[in-house]
Amino acid sequence: MKKYLFIAALVSILNLQLSSAFAQTGEQQLNNQYRDAIREYLQKDIANRQRTMQRRAEQMLIALPNQQKLYDETYISIRTALVDGTSQDGTPELNYVFDISYNCRHLEGYTDDYPLGVFNYDSSNSVRAICNLTKTFVEDILDDIFRPTKRVSVKIFSTTDGVELSRTIPYDGSYGNFRYMPVTFNNEQLRVSVDTNGITNNCQLAYIRAQSVRHFLQNNVRNLARTVNDYSYVTRSYTDTGAYYRRSSIELTVHDAFRETIDLMIADKIQDDYVDFNIPQSTTPYDNAYVLIIANEDYDHTFLPDVPFASNDGEILRQYFVRALGVPERQVKVLNNASRAEILQDGIHWLTDLSQAVAKHQGEETQPQADLFVYYAGHGYTDFAGNTYLIPNHLNIDGIKALGGKRSCCKKKRKEKSEIRNEKPDYDIALSRKDDARFAAQCLSLDSLCSMLKGRGKREVYPVSRLTVIVDASFDGHQRNGASMLRANRPVAKDAKAKKTKRKASKTSDAIVLLAAAPDKTAFAFDAQHHGFLTYFLLKEIKSLASTSNFDTYTYQDIYEAVERKLNKESALQNRWQEISGYVDGKYAESWQLLHIR
């Protein structure tokens, strides 16, 4: 999304360049052509951000020290949405809604909620939690949405219990004096006044609690100091539940949140920068291609962070194989968040069965007919011996000390030093030699994967015409954002020669393997495009070839060099330097450069 900020200055130039196209089709018609696709793109974007924010909130709950513990019946939930609205001048607008709330169903003490008669936001762990999370999310994950001068409606929900006040609660006017201010209290539209004479009823108390939240947002959230804000308050006194039911929430609505984004995306889409849209349609079928796509984005263990955009990588690549390359839809299989067993049984065995089923047999000779493609986006791992692995989902961490220990000491240490300070958690985990062996045994060796498809080491060799493996993953222990994750705890090499032998690319026969980065380098994400760098530039190249019908003349080497050149430049511009890697062995070692993509 940050790309939009960098290219804002180009909009006027692009509009001049595209004036002839606008004259032919009409600007409104052109916008309508892309509106649904852009809306779908934005939906995916905010859904991905919501998952990230929800996970961060859950991690913070776990991390709180015992004296500030939010009990098991306390929940923080985050909701985001795209909502159609109408601007103040009556024109349609697309608004972004961010809602964060907590719900305390049963209190075991006063640490979760306000003590009796207290109204400062930081007197309640729960309210302080949603305030701090709102600050973190608005300033980090939602920074590009809360743009300067945007109009933001801020709705603060605040509650009290149903016990009427038996005394006047002192109020020093720290949040201001209020006279006949509009408020919704117990679903009624009322006017409330509060001044230094004190607080005498629950409506005033709930209102001042909401004002303490407003005071925090105004003075601590950087983005809200740049926007035009309209505050409103919804308060309630829970008369039927006594002191055991409290909840509070903050709802922020950014009006016309994506006008600049949509305008720039339309301009970019016309220039074909976005590979997710306008995928060319092939008129030539590729009937002998069979494709397995493995996209592991959501890992089910907290020691493994998610892989941003891996699911989008897999889905858009599927569309390219079907539409741009002409592979029959039934011959492309996508496995999302797959375990090792699922990859083997539902993926690899599916390919090998097909390769045998379509092969031609003439006497004792078998003529292979299947071109196999395997794509993987997810986490990777390099063991002590330098072998590379794909990390599947649903791992069993029993017996792996470094990972089993994270539930207590490691996780607590990570959270106490990072999440409470609203920083990204530190996933840097080093595996001992024993842990490494147990962990690697549950992963899928890249060398073994290629061997399974070629049948190396078995009596029967599967009749495969060509095997192409594409891996958009890091094997060096880092995530797509460059942060540390999981690595083997190798001793430091004493000399350059020893260091060189510590990490190596696996070798296998009769396979063309393309890696997003060498095993000792990091593979990053292209955030603005919602893809891994390798996947994005590979799709972009296929899109260009399909648009010009150049598949018959463009070779693997042409594609490799084009992707390498463009990826190197863009990753360097983003300060995420990345170099693609690959290897070929066996019968294609000398001829792979001459092969065509289909």
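Preceding this section is the structure that the text describes.
Report follows, based on the coordinates.

About the criteria used
Residues numbered from 1 in each chain as written. Predicted model: local features only at pLDDT ≥ 70, side-chain atom pairs only at ≥ 80, totals over all residues. Heavy atoms only, no water. Pairing = 2+ DSSP bridges. Helix = DSSP H or I, 4+ residues; strand = E, 2+ residues; numbered from the N terminus. Axes fitted to C-alpha atoms, helices over the stretch in contact; angles between N-to-C directions. Buried < 20%, exposed > 50% of the residue type's maximum accessible area, 1.4 Å probe, protein only. Phe/Tyr/Trp six-rings, centres within 6.5 Å; stacked < 30°, edge-to-face > 60°. Contact = heavy atoms within 4.5 Å. Polar contact = N/O pair within 3.5 Å; in protein donor to acceptor, adjacent residues only side chain to side chain.

Description of the sheet that holds strand S22 (residues 581–585)
Within the open sheet, the six strands sit side by side as S9-S8-S12-S17-S19-S22. Their pairing is mixed. At either end of the open sheet lies a strand with only one pairing partner, and these are strand S9 (332–336) and S22. The mean angle between the axes of side-by-side strands here comes to 10 degrees, regardless of whether they run parallel or antiparallel. Relative to strand S19 (residues 511–515), strand S17 (residues 464–472) runs parallel, the two being bridged by four bridges. What sits directly across from Thr-468, in S19, is Ile-512.

A closer look at the pairing of S19
Note on strand geometry: in a regular strand, side chains alternate between the two faces of the sheet. Among the five residues in S19, five count as buried, and that is most of the element. Pairing geometry for S19 and S22, over five bridges, is antiparallel. In the strand pairing of S22, Ile-512 is matched with Val-584.

So, the packing of aromatic side chains
One pass over the structure, following the stated rule, counts 19 aromatic pairs. Between Phe-526 and Tyr-536 the ring centres are 5.0 Å apart and the planes differ by 80 degrees, which places this aromatic pair in the edge-to-face class. Residue Phe-526 is found in strand S20 (residues 525–526), and its partner Tyr-536 is found in helix H15 (residues 533–548); the two are separated by ten residues along the sequence. In this pair, the class of Phe-526 matches that of Tyr-536, namely buried. Through successive ring pairs, a cluster of aromatic residues spans Phe-526, Phe-533, Tyr-536 and Phe-537.

Focus: the environment of Glu-342
Along the chain, Glu-342 falls in helix H9 (residues 340–358). According to the relative accessible area criterion, Glu-342 is partly exposed, its value standing at 32%. Spatially, the C-alpha atoms of Glu-342 and Pro-392 are 9.1 Å apart, while their sequence positions differ by 50 residues. Residues within four places of Glu-342 in sequence aside, it is in contact with Leu-335, Asn-337, Gly-347 and His-394. Within polar-contact distance, the side chain of Glu-342 engages the backbone nitrogen of Ser-339 at 2.8 Å.

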